Amino acid sequence: MVATNASGDTTIDVATLPDPSLAPGQHRRIRDAVAGQVRDSPRHRTRTTLGPDARVLDEARPEPAVEARAPGKDRVRHLLTFALAAGCSGCAGVPGVKLQSGVDFGEERGRIWVRASWEVIKPSTDIDDVVDQLCPAVGRLDRARAGDDGLEYCGLLYSLPDGTYHASVPSSLGLRAHSDRGRHKSCRLPTSLREARAGVTIKADYHSHPWPDAPFTDRDLSSDRQRWSIRIQFDTTCRIFKYEPHSGEPRPGEVFLRVGKSWRLHSIVRVEDKPLGIPTPSLQEVL
Ligand SMILES: [Zn+2]
């Protein structure tokens, strides 16, 4: 079901999409089939570029929101054990850092803006170095790891003309329907970047889910929610996914999992599955 709320966000009921399931042998065939495309794929492309004297990005299209649903209890218990064994700062009981509404992020004319750059993220000439810093930093924020009591955080990654990549502060503003305790969460994607320096090029959006074992939802991957050519998402175990939707192209979208310092192709989103964002195989399957 598609609905539009009072602030103009497009949101979709999260509960009922089918999960594709494949035999194990099919996974390898999928990876083989798309391997050539991945090798040929430009790594970091963008469709949104600001002019030399523009300081604020403010897109005309309605902003999408990214949503998550809590994973099943058994898997949560398993991954909580893993997270505790791995050591975790910002866990339940440790007060998180509160960002300031109106200073770090806010809403203006129905759109979300975020301040940039985020001081705790060290800039780099390699965008993946910036990506690797996001989960620990977001994990220290208020309720970022609090599960059903938690918050999602949404931010942007961008470059400057000197070739460095940066992250914005994230925003926790979500859809009103998900503001209370519950198993559905959302954050509204920022579309306005407050960066004093000129020549900003938005590269990607990023967002967190407040549970362990909570990868991209189908909604996160659906074509009407894509804004830039890269989307980053991570859960409370710092498992990081990247989606390259290849929007408008007759080729599958690609979901990568961060493994060490590399991206491993995990799933594809077939062209015919792009509208609903259904990955093959499911992101819950460990390959
Ligand atoms: Zn999400």
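Residues numbered from 1 in each chain as written. Predicted model: local features only at pLDDT ≥ 70, side-chain atom pairs only at ≥ 80, totals over all residues.

J.: For this particular structure, what's the right way to read the overall build of the chain?
T.: The helix and strand inventory of the chain stands at four helices and 15 strands. Taken across its 287 residues, the chain has 43% of its residues classed as buried. (Helix = DSSP H or I, 4+ residues; strand = E, 2+ residues; numbered from the N terminus. Buried ≥ 20, exposed ≤ 12 C-beta atoms within 10 Å, placed from the backbone.)

J.: Sorry, what's going on with the nonpolar core here?
T.: Inside soluble globular proteins, nonpolar side chains tend to come together where they are buried. Of all hydrophobic cores here, the largest spans 48 residues; its most connected members are Val114, Leu134 and Leu157. The dominant element in this core, judged by the number of residues it contributes, is helix H3 (residues 127-139), at seven residues. Leave out the neighbours within four places in its chain, and Leu157 touches Ile127, Val130, Tyr165, Ala167, Lys203, Ala204 and Tyr206. (Core = buried A, V, L, I, M, F, W, Y, C linked by C-beta atoms within 7 Å. Contact = placed C-beta atoms within 7 Å.)

J.: Looking at this model, I keep getting lost on unusual backbone geometry. Mind explaining?
T.: Across the chain, the bulk of peptide bonds are trans and the bulk of non-glycine residues have phi less than zero. That bond from Ala116 to Ser117 is cis: its omega, -5°, falls within 30 degrees of zero. Along the chain, Ser117 turns up in the loop between strand S6 (111-115) and H3. Omega for the peptide link from Thr280 to Pro281 comes to -10°, which places this bond in the cis form. Residue position: Pro281 is located in the segment after strand S15 (262-269). Here the phi dihedral of Asp213 falls at roughly 50°; this positive angle occurs in a residue that is not glycine. Tracing the sequence through the fold places Asp213 in the loop between strand S11 (201-208) and helix H4 (218-221).

J.: I tried to follow the environment of Ala204 on my own but got confused; where do I start?
T.: Structurally, Ala204 is set in strand S11. With 24 C-beta atoms counted inside 10 Å, the residue Ala204 sits in the buried group. Beyond its immediate chain neighbours, meaning those up to four positions away, Ala204 contacts Leu157, Trp228, Ile230, Arg231 and Ile232.

J.: Whenever I open this one, the sheet that holds strand S10 (residues 192-194) confuses me. Can you help?
T.: Strand pairing in a sheet is mediated by backbone hydrogen bonds. Such pairs are either parallel or antiparallel. Overall, mixed pairing links the three strands, which are arranged S5-S6-S10 in an open sheet. Two strands bound the open sheet, and with one partner strand each, they are strand S5 (105-108) and S10. Looking at each pair of strands side by side, their axes are set apart by 30° on average, direction ignored. (Pairing = 2+ DSSP bridges. Axes fitted to C-alpha atoms, helices over the stretch in contact; angles between N-to-C directions.)

J.: What exactly am I supposed to notice about the pairing of S11 here?
T.: Summarising burial for S11: seven of the eight residues are buried, a large majority. Relative to S11, strand S7 (residues 154-159) runs antiparallel, the two sharing six bridges. Note that in S11 the partner of Gly155 across the bridge is Tyr206. The sheet contact formed by S11 and strand S12 (residues 231-234) spans four bridges and is parallel. Within the sheet, the bridge partner assigned to Ser208 lies in S12 and is Phe234.

J.: What should I look at first to understand the environment of Ser247 in this one?
T.: Looking at the secondary structure, you find Ser247 in the loop between strand S13 (240-244) and strand S14 (253-259). With 24 residues separating them along the chain, Ser247 and Ser223 place their C-alpha atoms 7.0 Å apart. Sequence-distant contacts of Ser247, defined by excluding residues within four places in its chain, comprise Ser223 and Gln226.

J.: Can you walk me through H3 in this structure?
T.: Since the α-helix advances by 3.6 residues per turn, residues separated by three or four positions end up pointing in the same direction. Largest kink in H3: about 25°, centred on Gln133, with the proline Pro136 one to four residues after it. Within the span of H3, buried status applies to Ile127, Val130, Val131, Leu134, Cys135, Ala137, Val138 and Gly139. Residues of H3 that are buried in the fold lie against S7, strand S8 (165-167), S11, S12 and S13. (Bend = angle between axes of the 7 residues up to and from the residue.)

J.: Sorry, what's going on with the environment of Ala146 here?
T.: Turning to its location among the elements, Ala146 is positioned in the loop between H3 and S7. Note on Ala146: 18 C-beta atoms within 10 Å, which makes it partly exposed. Separated by 65 residues in the primary sequence, Ala146 and Trp211 have C-alpha atoms spaced 7.1 Å apart.

J.: Where do I start with the confidence of the model for the chain in this structure?
T.: Close inspection of predicted coordinates is inappropriate in any region flagged by low pLDDT. For the chain, per-residue confidence averages 77 on the pLDDT scale, and residues scoring 70 or more make up 69% of the total. Residue range residues 33-60 is modelled with pLDDT below 50. Its contacts to residues more than four positions away, or to other chains, number 45 contacts. Segment residues 76-92: pLDDT under 50, and 23 contacts once partners within four positions in sequence are set aside and those in other chains are kept. (pLDDT = per-residue confidence, 0-100.)

J.: I tried to follow the pairing of strand S4 (residues 65-69) on my own but got confused; where do I start?
T.: Both faces of the sheet carry side chains from a regular strand, because those side chains alternate between them. For S4, the buried fraction is high: four of the five residues fall into the buried class. Direction of pairing for S4 relative to strand S9 (residues 184-188): antiparallel, over a ladder of five bridges. Along S9, the bridge assignment pairs Val66 with Cys187.

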